[in-house]
Amino acid sequence: MTQGNNVVTKEFQGMRLSALGMGTMRLPVFDGDDSKIDEEKTARMVSYAMEHGINYYDTAWGYHDGNSELVMGRVLSRYPRDRFYLATKFPGYDLSNMDKVEEIFTKQLEKCRVDYFDFYLIHNVCEMNIDAYLDEKYGIMEYLLKQKENGRIRHLGFSAHGNYDVMKRFLDAYGKHMEFCQIQLNYIDWTFQDAKSKMELLEQYKLPVWVMEPLRGGKLAALPEEAENALKELRPDENVPAWAFRFLQSFPAVTMILSGMSNFEQLQDNIKTFGSEKPLSGEEMEKLLSVADGMLNGNLPCTACHYCVSHCPKGLDIPTLLELYNEHRFTGGGFIAPMVLMSVPKEKHPGACIGCRSCEEVCPQQIKISEAMTDFANKLKA
């Protein structure tokens, strides 16, 4: 690890990677239209990032309606190729892409104006696509390993939004080929999405961790006044977003932290934070996780005892549905719950609940499950 006026760096296979990477899923846009990237502002941000030591740039096939790779390709082409590390991903979040790996990879090189990718990821391994990713008929892993052999991929990894079991299936099949893994990690998801167990799983495979959503889509950039004051008692000069990054700096396995900075001010603030590493003490970690618990207090307190399942005439997996409901409510929508439900038959979705309340009669937590299922179904339609 090095530090100074620039962002700190971390070692990876003999390279020095900036500990802060520039994610390009939330670039500045015109008139709120996600497909219309403001290239001039993006170029200014990249120039500032380069000046302050950021050397890792993360894009993907689907970001900004397919335009992120194009814009980053044009902007980064202004710099010598050895000034930056570029990462992109195979878009398996869309099952129609599974038999197009060669076509897509070739097009990505063209869009990004490079001859090789420093880092290439199998994108968004999750419940919806794990079977397809493991199906050898698509030849995805075979093709990507071939590209690694011929130098068009320097380092191969994967990103995952799936649960622990999904990640384990993928690692059991392909772990020997993976060099890193990118997961959603922050002090909310440490327990909320069981990121702690996922970190332990990756440790078993000795895989360094890349982090996405360190600020939980901006939810951790501002906190309730009471929580903010409690943190300021411990670190008066640390701003709220910095606490999320200090949390991540407390884990030696975390090598790369990606932040989707959508304006110049966010970039400046993050670079200032990453001018140093200041891991949390035991007391600070305990306080921060208690703040997270407070933010999750409104969640339904399901303990997954499964008493409800045995009394449901529709055979719904109620604990899983309640877990997804909590996620969907806390996030204010998002793609996680709809994505997981794509792997679940329609007759097992929350809308299949008939409101008989048989489940509620045996729920030790006295959760109003039928009301939750109705609300969940309505939220998914919205």
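Just so it is clear, the structure is predicted and the values come from calculations on it, not from any experiment.

*Asks:* Help me understand the pairing of strand 1 (residues 9–12), please; the structure alone is not making it clear to me.
*Replies:* Pairing between strand 1 and strand 2 (residues 15–18): four bridges, direction antiparallel. Looking at the pairing, Glu11 lines up with Arg16 of strand 2. Where strand 1 folds back on strand 2, the antiparallel hairpin that results is connected by two residues, among which Gln13 adopts a positive phi of roughly 50°.

*Asks:* Help me understand helix 3 (residues 101–112) in this model?
*Replies:* The end-to-end C-alpha distance of helix 3 is 16 Å, a good match for the 16 Å that twelve residues give at a rise of 1.5 Å each. Next to the buried residues of helix 3 lie helix 2 (67–76), strand 5 (85–90), strand 6 (117–125), helix 5 (140–149) and strand 7 (153–160). The positive-phi residue at the C-terminal boundary of helix 3 is Arg113, with phi of around 60°.

*Asks:* Help me understand the packing of helix 3 against helix 5, please; the structure alone is not making it clear to me.
*Replies:* How two helices sit against one another is set out by the angle between their axes and by the gap between those axes. Packing of helix 3 against helix 5 brings their axes to within 10 Å, and their N-to-C directions diverge by 35°. Crossing of helix 3 over helix 5 shows right-handed handedness. On helix 5, the residues that touch Val101, Glu102, Phe105 and Thr106 of helix 3 are Ile140, Tyr143, Leu144 and Gln147. Residues belonging to the contact of helix 3 with helix 5 are distributed by class as follows: five nonpolar, two polar and one charged.

*Asks:* Teacher, can you tell me more about unusual backbone geometry here?
*Replies:* Most peptide bonds take the trans configuration, and most residues that are not glycine carry a negative phi. At Asp194, a position not held by glycine, the phi torsion is positive, near 55°. Phi angles above zero are rare outside glycine, and Gln366 is one such case at about 55°. Summarising the element assignment, Gln366 is placed in the loop between helix 15 (336–341) and helix 16 (369–381).

*Asks:* In this structure, what is going on with helix 9 (residues 225–234)? I would like to understand it.
*Replies:* Owing to its 3.6 residues per turn, the α-helix brings residues three or four apart onto one side. Listed in full, the buried residues belonging to helix 9 are Ala227, Ala230 and Leu231. Within helix 9, the buried residues cover an arc of 95° as seen down the axis, which keeps them to one side. For helix 9, the exposed residues set more than 90 degrees away from the buried face come down to Glu225, Glu226 and Glu233. Residues of helix 9 that are buried in the fold lie against helix 10 (240–249) and helix 12 (282–295).

*Asks:* For this particular structure, what's the right way to read the pattern of salt bridges?
*Replies:* Pairs may arise between side chains of opposite charge once their charged atoms sit close together. With the rule as written, the count across this model stands at 20 salt bridges. Among the salt bridges present, the one from Glu238 reaches Arg235, with a minimum N-O distance of 3.0 Å. Residue Arg235 pairs with Glu284 through a salt bridge whose shortest N-O separation is 2.9 Å. Residue Arg235 is found in the loop between helix 9 and helix 10, and its partner Glu284 is found in helix 12; the two are separated by 49 residues along the sequence. Judged by relative accessible area, which is 12%, Arg235 ranks as buried. By sharing partners, the salt bridges in this structure join Arg235, Glu238, Arg246 and Glu284 into a single network.

*Asks:* What am I meant to see in the state of the cysteines here?
*Replies:* Joining two cysteines, a disulfide is a covalent bond between their sulfur atoms. Enumeration over the complete set of coordinates arrives at zero disulfides. The closest cysteine sulfur to the non-disulfide-bonded Cys126 is located on Cys181, 13 Å from its own sulfur. Classification of Cys126 as buried rests on a relative accessible area of 0%. Of the cysteine sulfurs around Cys356, a residue in no disulfide, the closest is that of Cys359, at 6.1 Å. You can call Cys356 partly exposed: its relative accessible area is 37%.

*Asks:* Explain the packing of helix 2 against helix 3 to me, please; I cannot follow it from the model alone.
*Replies:* In the contact formed by helix 2 and helix 3, the axes pass within 7 Å of each other and the chain directions differ by 45°. The orientation of helix 2 relative to helix 3 falls into the category oblique. Contact residues: helix 2 offers Glu69, Leu70 and Gly73, while helix 3 offers Gln108, Lys111 and Cys112. A breakdown of the residues in the contact of helix 2 with helix 3 according to their chemical character gives two nonpolar, two polar and two charged.

*Asks:* Looking at this structure, how should I read the packing of aromatic side chains?
*Replies:* The relation between two aromatic rings is expressed through the spacing of the ring centres and the mutual angle of the planes. According to the stated counting rule, one finds 23 aromatic pairs in the structure shown. Judged by centre distance (5.2 Å) and plane angle (55°), the ring pair of Tyr56 and Phe119 falls under tilted. Here Tyr56 is found in strand 4 (residues 56–58), whereas its partner Phe119 is found in strand 6, with 63 residues between them in sequence. Overall, the relative accessible area of 0% leaves Tyr56 in the buried class. Judged by its relative accessible area of 0%, Phe119 falls in the buried class. With a centroid separation of 5.8 Å and an interplanar angle of 40°, the aromatic rings of Phe117 and Tyr120 are classed as tilted. With respect to burial, Phe117 and Tyr120 carry one shared label: buried. Pairwise contacts between aromatic rings join Phe12, Tyr56, Tyr85, Phe119, Phe180 and Trp210 into one cluster. A cation over a ring is seen here: Lys219 above Phe330, with NZ or CZ 5.2 Å from the ring centre. Over the ring of Trp243 we find Arg235, and its NZ or CZ is 5.6 Å from the ring centre.

The rules behind the values
- Residues numbered from 1 in each chain as written.
- Predicted model: local features only at pLDDT ≥ 70, side-chain atom pairs only at ≥ 80, totals over all residues.
- Heavy atoms only, no water.
- Pairing = 2+ DSSP bridges.
- Helix = DSSP H or I, 4+ residues; strand = E, 2+ residues; numbered from the N terminus.
- Expected span 1.5 Å × (residues − 1).
- Contact = heavy atoms within 4.5 Å.
- Axes fitted to C-alpha atoms, helices over the stretch in contact; angles between N-to-C directions.
- Left-handed = near helix turned anticlockwise from the far one by under 90°.
- Nonpolar A, V, L, I, M, F, W, Y, C, P; charged D, E, K, R; others polar.
- Buried < 20%, exposed > 50% of the residue type's maximum accessible area, 1.4 Å probe, protein only.
- Arc of directions from axis to C-beta.
- Salt bridge = Lys/Arg side-chain N within 4 Å of Asp/Glu carboxyl O.
- Disulfide = S-S within 2.5 Å.
- Parallel < 35°, antiparallel > 145°, perpendicular 65-115°, else oblique.
- Phe/Tyr/Trp six-rings, centres within 6.5 Å; stacked < 30°, edge-to-face > 60°.
- Lys NZ or Arg CZ within 6 Å of the ring centre and 35° of its normal.

Note that every value here comes from positions in space, so none of it alone points to a role or purpose.
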